[in-house]
Amino acid sequence: MTSAHKHVMLYLDGVSVSFDGFKALNKLSLVVNAGEMRAIIGPNGAGKTTMMDVITGKTRADEGQVFFNGDIDLRKLDEAQIANLGIGRKFQKPTIFENLSVFENLELALKCDRRARTSLFFRLNADQRARIDEVLNIISLPGQVAMQAGSLSHGQKQWLEIGMLLMQDPELLLVDEPVAGMTDSETEQTADLLRAIAKDRCVVVVEHDMEFVRRLDTHVTVLHEGSVLAEGSMDKVQADERVIEVYLGR
Ligand SMILES: Nc1ncnc2c1ncn2[C@@H]1O[C@H](COP(=O)(O)OP(=O)(O)OP(=O)(O)O)[C@@H](O)[C@H]1O
Ligand SMILES: [Mg+2]
């Protein structure tokens, strides 16, 4: 990679991953530019989650290149180092602390911040309090700040977890199936939330809910059998015969 690629946030080239001889990723190539939001769709087993595993260092690529933010070679780094670079990942199941309040969850996420000095005697400064308030507004939970996280609705729990990731101010946010199990109204709000978040950072969203993906109003990549089948606007990929055959027409 050269300095000409500095605007590239995520660069995958020819990435393959095999599990017992089965190719979960098969020469996958994908470029996501800085400031871009990308939706990834595709049938079960297409390799969407495996792709996120490779980016975050959870799974090693057998071959191919994986670069972040221009020229940072992610294949040389472990999971913790990759997280510290500013890559946040939202798993499907929320991993919030149910017994703590919404505020405490966000506070805890701040303590794990790579830039904050972690300490037993950690106290919030004014900037950090302001950041918590800001994130509470972004995730539409200012009214629930004192509520125990376990009492939130499923959708609100997902937003809280996204909020916890935002406390770390990631440059790239990876989100895997955020709206599974949400009500229609929560699904719509989540699309709007991710669009708001994507104004300040790069967001990659995997989802099966096509109404939701349409509402994201962004570039879509279709994965199939571990590689890219189609790419473009939602209208373009929805009209693609191959996409209809393997995915949308089911
Ligand atoms: N750790 C693993 N060991 C063995 N096989 C795996 C492993 N992880 C993924 N696979 C296989 O790799 C393929 C791709 O899985 P992956 O989870 O990436 O698909 P996906 O596109 O995320 O599907 P879904 O939409 O169902 O979440 C599947 O056939 C899966 O069974
Ligand atoms: Mg998956």
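Residues numbered from 1 in each chain as written. Chains lettered and ligands numbered in written order. Predicted model: local features only at pLDDT ≥ 70, side-chain atom pairs only at ≥ 80, totals over all residues.

Asker: Any details on the overall build of the protein? Residues and values, ideally.
Answerer: What the protein contains, in helices and strands, is nine helices and 10 strands. For 250 residues, the compact-globule estimate of 2.2 N^0.38 gives 18 Å, and the protein sits close to it at 18 Å. Dimensions of the protein along its principal axes, counting C-alpha atoms only, are 50 × 40 × 35 Å. Relative to its full complement of 250 residues, the protein shows a buried share of 39%. (Helix = DSSP H or I, 4+ residues; strand = E, 2+ residues; numbered from the N terminus. Rg over C-alpha atoms; globule rule 2.2 N^0.38 Å. Buried ≥ 20, exposed ≤ 12 C-beta atoms within 10 Å, placed from the backbone.)

Asker: Describe the site of ligand 1, naming the residues involved and giving the relevant values.
Answerer: What surrounds ligand 1 is the set Phe 19, Ala 24, Gly 42, Asn 44, Gly 45, Ala 46, Gly 47, Lys 48, Thr 49 and Thr 50. Looking at the shell around ligand 1, the element that brings in the most residues is helix α1 (residues 48–55), giving three residues. Partitioning the shell around ligand 1 into residue classes produces three nonpolar, six polar and one charged. (Near = placed C-beta within 6 Å. Nonpolar A, V, L, I, M, F, W, Y, C, P; charged D, E, K, R; others polar.)

Asker: Break down α1 for me, with residues and values.
Answerer: Of all eight residues that make up α1, seven are buried, and the element is covered over most of its length. Within α1, the full set of buried residues consists of Lys 48, Thr 50, Met 51, Met 52, Asp 53, Val 54 and Ile 55. After α1 finishes, the residue Gly 57 shows a positive phi value of roughly 85°.

Asker: Which residues make up the packing of helix α3 (residues 102–111) against helix α5 (residues 154–167), and what values go with them?
Answerer: Helices that pack against each other are described as a pair by the angle of their axes relative to one another and the distance between those axes. α5 packs onto α3 with a crossing angle of 30° between their chain directions and a minimal axis gap of 8 Å. Between α3 and α5 lies a crossing of right-handed hand. Contacts from Val 102, Asn 105, Leu 106, Ala 109 and Leu 110 in α3 reach Leu 160, Gly 163, Met 164 and Met 167 in α5. Here the contact of α3 with α5 is built from residues that sort into seven nonpolar, two polar and no charged. (Axes fitted to C-alpha atoms, helices over the stretch in contact; angles between N-to-C directions. Left-handed = near helix turned anticlockwise from the far one by under 90°. Contact = placed C-beta atoms within 7 Å.)

Asker: So what about the nonpolar core? Which residues, and what values?
Answerer: Ile 55, Leu 160, Leu 194, Val 203, Val 205 and Val 222 are the most contacted members of the largest nonpolar core, which has 70 residues in total. Two domains share this core, each providing at least three of its residues, namely domain 1 (1–86 + 171–250) and domain 2 (93–169). In this structure Leu 194 touches Met 37, Val 175, Val 203, Val 205 and Leu 216, once residues within four positions along its chain are discounted. (Core = buried A, V, L, I, M, F, W, Y, C linked by C-beta atoms within 7 Å. Domains from an automatic or database assignment.)

Asker: With reference to specific residues and values, describe the sheet that holds strand β7 (residues 172–176).
Answerer: Taken in spatial order, the six strands line up as β6-β7-β8-β3-β9-β10 in an open sheet, and their pairing is mixed. Edge positions in the open sheet fall to β6 (87–90) and β10 (227–232), since each of these has one partner strand only. Across this sheet, the average inter-strand angle for adjacent strands is 20°, counted without regard to direction. Pairing of β6 with β7 involves four bridges; the strand directions are parallel. Following the sheet pairing, Lys 90 is matched in β7 by Val 175. (Pairing = 2+ DSSP bridges.)

Note that every value here comes from positions in space, so none of it alone points to a role or purpose.
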